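If you want the building blocks of each chain, they are given just below.
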Amino acid sequence: MRKYLLLLRVLIPESVRGIGESGGLRPGKKRKRASLFAEKPWLALLVSYSFIMIYSAFFGVALTGTLKLSGLEDQFVSSVAFMIPIITVIFGFMQGISSLYHESKIDFFLALPIKTGTYVAAKLTEVYLYIFITVASFFLPALLAHAIVAGRTVGFYFLILPFVIFSSIAPFAVLLIPVFVLMRFTRFARNKDRFQLISNLVFMVVIMTFALSMSRVSSQMDMEQTPGLLVPESVYSRGLRFLPSSLFADLMLKNASSWQSLWYLLLLAAVTMVCVAIMLLVAGKLYLPGVLGNKGSKAVRVLTQEEFRKALKPRSQTRALISKEWKLLLRSPTFFMQTILSSIIMPLAMILGGFVGGTAGGDSMGSLFGDQMAYLQTDAWWRSDLWIVVMVLVAAGIFFGSFNMASSTAISRQGQTFQTSKLIPAAPHRQLIAWVFPGISVSGLLWLLTILFIGTFLKFSPLLMLAATIIGWISCYTVQMAGICIDMKYPTLSWTSENQAVKNSKSAMIGMFGSMGLAGVVVALSFLLNAVTQGNSAITSAFMLAFALGLAGFFTWLARRMAAELFRHVEI
Amino acid sequence: MISIHEISKSYDQKTQAVESLSLEIYDNEIFGFLGPNGAGKTTSLKMISGLLLPDHGSIKVNGIDVVAEPLEAKKNLSFVSDDPNVFLRLKGIEYLRFLADVYEVAEDVRVEHIKDLSHRFGMSNVLDQKIQSYSHGMRQKIVLIGALIHNPPTWVLDEPMTGLDPSSSYQLKNMMREHADKGNTVLFSTHVLDVAEKVCDRLGVIAEGKLLFVGTMAELREKHQDDSSLESIFLEMVGEEQFSPFALSEEEAGSL
């Protein structure tokens, strides 16, 4: 037991730090004073999960309020009891494999004079901690809010925590059994990078679905409609029959005001203990052989003469540099998630959010945008509101581009390999093209798709479509060039985890929020100009276009200049 | 040929890493840089390869000024760092292709060189794997192969034997000899005195940023007037510097 606790003292802070880790949160070697987040990793964790908790509380208040009107507030508890195992299975599967099989620290711990069972138990506790934090973030605030709004008894409040803990432990334990079998006897999830990437994608989809559900509920509440539950009543009422732990948890909480709840609590604890005991038995047999099997290298594939020659086919310097940038960006789950994927997800989430919220009352998109569509199909806007169209396009291009941090982290992502950039005989401007190419191409493509989607939907004229595409591209390009300038000014080259290079680094933050600020400046400037020119739309539009082009030109000039200086002033 | 004239380098304007170092390393020569940890070896090699700018002084590689004409100088040398963790997510073959493209090596030449070098270092079978799956020694080898693809006249190698298996280490020593014998220059740093003794035509001993000795092994023995091993002579020379009371800061000296 002593060694189990000793192990937990090391594993849990590491785990908490890992979950809440953002670039720059860990105290770096050169930093004189550790940041607040580095000193208090739980605070970083709280911040990371705070938005889910806020949504959760809001959801609890909104849904309970409506259900209470029909006297159906118990449905809320059943719905949560059904959702907890689902969230546990999704996150438990991802985090379980990642933490139990992919961590490099395993070798170190296995070499210590600690019984295997103790180590396995400590590792499982560490993984469960993550699951508990996730499940609790999703549902604890909702349950508390529900208890307040529904006017539940004191017993309900006391039983909320056991409800969340027990209804997540049992499915977690059951889930791990096939995980141990998979990892012992198959080649599943051997590619750490690929698994991490898929896990992160699933995580994002779950979060987005959750946020969109909340958005829909809130819109329905505003329209005084009965909001839908997280899952349809028929699904969870049938599903709970197959989930004994959730069934007992549900009954326990529903009967919180009577002594019956204690019987359900005992049944719940018994089911959980049986599940955990079986899981520990399987873990004892399969975990270590699975971990050791995971370390084995895959079969060596030797290149044939033809493949060898083909793999070495010459390319130009620029093509070689761009290809290297793409490969390193796409093959690192962290880099891909934080740069490319975030630039896709954020606009998508906004569009979907608008769509879900807008159609929550049963309206079609056509009826919602009918006036705008009719207006855009006339030529009235050409005469009077051209400046607004130009302003919106310039600002929207900058705003959407600000989520793409591919360029504002291009130097930092190199870390110590920046040495190679300094060593190779490739001119700085040539390397600059490679550094900004992924960011510019992804932003440009996304903008094009967005305009095509919106333009087709709102029936833009071909001329407006073309103008929107070109103006947006100029803005996207400007953001990427500004981003690389910031990263050249504040590169983060000494990092130990890839997260530190792309997440919350100085350049990424300045790049993102600076661009958002720039979008605001564009809007303010447009209104100012319109006022100064006494509402002359043509002059305002022309000036705004010139401003956008000027910005693009300025940042191109600055980036070239800084790239030439970069190799001189950054020493590595 | 490498010409170093009065170069100095300090970090944070406090730590003097290299002080007024002057050195000529000739063609047909293998020059070994010896010194304890933190002596200034890596800083010197990085300045020669253009990774660090000297505060004072000048460096020429084959007559090309490293600071004034960095691109031309880079084409004339290859630098192998003591940290072999390069682009870990690229496959070995992709890394080599990247370097061959950047150094504009002709197709037949690159194919021939890579085939030869990977065979010599026993890497032919793993070129299709990602570098992150390589061991430390294999990473060192892929970096070495990458540095030598374009066959530059000057090699600058920072502790190149670290992590290499005996066979690869032997191959590298032979390659260094072959390269120097063809009229080229090889400069490398090492902690292994045995290697320095057997491989180097001349060696330089550096401690606390100052060059204490430059010459052949015979000259070194002559200077110290004994037949003891390089290890004894080295320890005697470096020890004097390291444990000199002048090496202590005022604060440290005050606390004694």
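Structure: above.
Residues numbered from 1 in each chain as written. Chains lettered and ligands numbered in written order. Predicted model: local features only at pLDDT ≥ 70, side-chain atom pairs only at ≥ 80, totals over all residues. Heavy atoms only, no water.

Scanning chain A for helices and strands turns up 24 helices and 0 strands. Classification of the 572 residues of chain A by burial places 50% in the buried group. By element, 69% of the accessible surface of chain A is carried by carbon and sulfur atoms, the whole surface being about 26,600 Å². (Helix = DSSP H or I, 4+ residues; strand = E, 2+ residues; numbered from the N terminus. Buried < 20%, exposed > 50% of the residue type's maximum accessible area, 1.4 Å probe, protein only. Areas by Shrake-Rupley, 256 points an atom, 1.4 Å probe, with all protein chains shown as cover.)

Now for the interface of chain B and chain A. In this complex, chain B contributes 41 residues to the contact, which on the side of chain A involves 35 residues. Both faces combined, the contact of chain B with chain A buries some 4,000 Å², and carbon together with sulfur accounts for 59% of it. On the surface where chain B and chain A come into contact, there are 8 salt bridges. In this structure, the salt-bridge partner of arginine 89 of chain B is glutamate 498 of chain A, at a minimum N-O distance of 2.4 Å. Our enumeration of links across chain B and chain A arrives at 15 residue pairs in polar contact (both at pLDDT 80 or more). Breaking the side of chain B that touches chain A down by element, the ones donating at least two residues are α1 (41-49), α2 (70-75), α3 (92-102) and α4 (107-120) of chain B. Of the residues contributing to the side of chain B that touches chain A, the split by class is 17 nonpolar, 8 polar and 16 charged. (Contact = heavy atoms within 4.5 Å. Buried area = accessible area lost by both parts, 1.4 Å probe. Salt bridge = Lys/Arg side-chain N within 4 Å of Asp/Glu carboxyl O. Polar contact = N/O pair within 3.5 Å; in protein donor to acceptor, adjacent residues only side chain to side chain. Nonpolar A, V, L, I, M, F, W, Y, C, P; charged D, E, K, R; others polar.)

Moving on, we come to the pattern of salt bridges. The full count for this structure, using the stated rule, is 26 salt bridges over all chains. One salt bridge in this structure joins arginine 120 of chain B and glutamate 178 of chain B, with 3.2 Å as the shortest N-O distance. On the criterion of sequence distance, the pair formed by arginine 120 of chain B in helix α4 and glutamate 178 of chain B in helix α6 (residues 166-181) is long-range, its members being 58 residues apart. You can call arginine 120 of chain B partly exposed: its relative accessible area is 22%. Of the residues examined, glutamate 178 of chain B reaches a relative accessible area of 36% and is grouped as partly exposed. The salt bridge involving arginine 177 of chain B is made with aspartate 181 of chain B; its shortest N-O contact spans 3.4 Å. Residue arginine 177 of chain B and its partner aspartate 181 of chain B are both found in helix α6; the two are separated by 4 residues, about one turn of the helix. The network of salt bridges with common partners includes Arg301 and Glu307 of chain A together with Lys91 and Asp128 of chain B.

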